[in-house]
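# Overview (structure and organization)
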Amino acid sequence: MIEVNEMSNIIKTHIEYNLKTGKLKGEEIQKSSRRLEDVKHIFLNQKMVEDMDPNTKIYEVETYLPVEEGKEGGLFFGTSYVYPGKVDHEFFMTKGHFHAKKDTAEYYWCIEGQGVLLLMDEEENIEAQMLEKGSLHYIPGCVAHRIANTGENMLVVGACWPSDAGHDYKTIEKKGFSVSVVEEDGEIVIRERES
Ligand code: M6P
Ligand code: ZN
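First, a word on what this report is: a plain description of the structure on this page. Because the structure is a prediction, the values reported are computed rather than measured. (Residues numbered from 1 in each chain as written. Chains lettered and ligands numbered in written order. Predicted model: local features only at pLDDT ≥ 70, side-chain atom pairs only at ≥ 80, totals over all residues. Heavy atoms only, no water.)

A few words now on unusual backbone geometry. One non-glycine residue, Glu 124, adopts positive backbone phi at about 65°. Inspection of the secondary structure assignment puts Glu 124 in the loop between β9 (114-121) and β10 (126-132). Overall, Glu 124 belongs to the partly exposed group, its relative accessible area being 33%. (Helix = DSSP H or I, 4+ residues; strand = E, 2+ residues; numbered from the N terminus. Buried < 20%, exposed > 50% of the residue type's maximum accessible area, 1.4 Å probe, protein only.)

What follows is the structure, encoded as structure tokens:
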């Protein structure tokens with residue numbers, strides 16, 4: 001291998017991205033975790049939620065935010081890890097969100113596992129895309145996005161989005177997604193929500 005000359009001014013970046021696992025490493029990486037008690041309202045069967053351990057891990061997120069949130073022209077990067085599991089028939093999933101600055105897009109790509117990416121526009125039109133290792137997903141502006149883990153192992157999904165996009169969780173909290181990802185007779189089904 002050709003050695004890098006020490007005087008060459010070629011620097012190493014301080015962030016590592018594991019291409020196999022999606023893991024981000026470095027001092028600036030932020031981590032957050034969502035347990036059932038943090039996201040309980042997203043699930044259909046609230047009675048079942050009450051019977052489960054509120055500490056059940058639903059998902060974790062690692063983010064690299066190299067510029068200030070809200071700054072125009074920058075990019076954020078992240079990895080989401082959704083645990084396998086269900087509340088009643090409904091698969092574990094992320095909260096999901098529109099962007100606060102509505103017309104901003106995002107990329108998702110599946111690193112590991114199996115799942116469904118739910119996309120919903122402002123008229124509640126739904127598109128469900130299959131998440132499988134290597135799948136790439138362009139999420140256009142004004143489209144809410146949520147991922148559900150339909151497999152038996154961790155679902156790992158990478159993301160890249162504009163630093164001025166922000167998160168609008170309120171619209172989803174109020175109206176919800178119009179469909180759920182559920183298991184019915186051993187099959188993965190996208191079902192209309194009644195409420
Ligand atoms: C991805 C990105 C983040 C998002 C995270 C978890 O990494 O889209 O912006 O925060 O997933 O999703 P949510 O915010 O919907 O819980
Ligand atoms: Zn987003």
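So, on to the pairing of strand β4 (residues 57-64). Across the 8 residues of β4, 6 count as buried, placing the element largely inside the fold. As paired strands, strand β3 (residues 30-35) and β4 are joined by 6 bridges and run antiparallel to one another. Within the sheet, the bridge partner assigned to Gln 30 lies in β4 and is Thr 63. Alignment of β4 against strand β5 (residues 75-82), held across 6 bridges, turns out to be antiparallel. Bridge pairing in β5 links Glu 60 to Tyr 81. (Pairing = 2+ DSSP bridges.)

In the region of ligand 1, the neighbouring residues are Tyr 59, Val 61, Ser 80, Lys 95, Gly 96, His 97, Glu 106, Tyr 108, Ala 159, Trp 161, His 167 and Tyr 169. Note that an oxygen atom of ligand 1 is positioned 2.6 Å from one of the side-chain N or O atoms of Glu 106. Contact distances for ligand 1 include 2.4 Å between an oxygen atom and a side-chain N or O atom of Tyr 169. Here ligand 1 has 370 Å² of accessible area as a free molecule, and 95% of this is covered by the chains. (Near = heavy atom within 4 Å. Polar contact = N/O pair within 3.5 Å; in protein donor to acceptor, adjacent residues only side chain to side chain. Areas by Shrake-Rupley, 256 points an atom, 1.4 Å probe, with all protein chains shown as cover.)

Below, the discussion takes up the pairing of strand β14 (residues 179-184). Two elements, β14 and strand β15 (residues 187-192), share 6 bridges in a ladder whose sense is antiparallel. Of the residues in β15, the one forming a bridge with Glu 183 is Ile 188. Here β14 folds back onto β15, and the loop between the two strands holds 2 residues, one of which, Asp 185, carries a positive phi near 50°.

Below, the discussion takes up the coordination of the zinc ion (ligand 2). Each protein donor to the zinc ion (ligand 2) is listed here as His 97 (NE2), His 99 (NE2), Glu 106 (OE) and His 145 (NE2); together their distances run 2.0 to 2.2 Å. For the zinc ion (ligand 2), the 4 donor atoms in the first shell make angles of 87 to 157° at the metal, so the coordination geometry reads as irregular. Linear spacing of the donor residues for the zinc ion (ligand 2) on their chain is H-x1-H-x6-E-x38-H. Assessed through its relative accessible area of 8%, His 97 is described here as buried. Here Glu 106 falls in the buried class, since its relative accessible area comes to 4%. (Donors = N, O, S within 2.8 Å, 3.2 Å for Na, K, Ca; no water. Tetrahedral: all angles 85-135°; square planar, octahedral: opposite > 155°, others 65-115°.)

So, on to the sheet that holds strand β12 (residues 143-149). Sheets are built from strands paired through backbone hydrogen bonds, the pairs being either parallel or antiparallel. As summarised here, the arrangement of the 3 strands in space is β10-β9-β12, forming an open sheet in which the pairing is antiparallel. The open sheet has two edge strands with one neighbour each: β10 and β12. Across the sheet, the mean angle from the axis of one strand to that of its neighbour is 20°, orientation sign disregarded. Two strands pair when backbone bridges link them, and β9 and β10 are joined in this way by 7 bridges, in the antiparallel orientation. Counted as the bridge partner of Gln 114 is Glu 132 from β10. (Axes fitted to C-alpha atoms, helices over the stretch in contact; angles between N-to-C directions.)

Our focus in this paragraph is the packing of aromatic side chains. Inspection of the entire model under this criterion finds 5 aromatic pairs. Aromatic side chains Phe 76 and Trp 161 sit 6.0 Å apart centroid to centroid with 80° between the ring planes, which places their arrangement in the edge-to-face category. Linking Phe 76 in strand β5 with Trp 161 in strand β13 (residues 155-162), this pair joins segments that are 85 residues apart in sequence. Of the two residues examined, Phe 76 and Trp 161, each falls in the buried class. Here the aromatic residues Tyr 17, Phe 77 and Trp 109 are joined through ring pairs into a cluster of three or more. The ring of Tyr 169 has Lys 95 lying over it, and the distance from NZ or CZ to the ring centre is 4.1 Å. Against the face of Phe 98 rests Lys 102, its NZ or CZ located 6.0 Å from the ring centre. (Phe/Tyr/Trp six-rings, centres within 6.5 Å; stacked < 30°, edge-to-face > 60°. Lys NZ or Arg CZ within 6 Å of the ring centre and 35° of its normal.)

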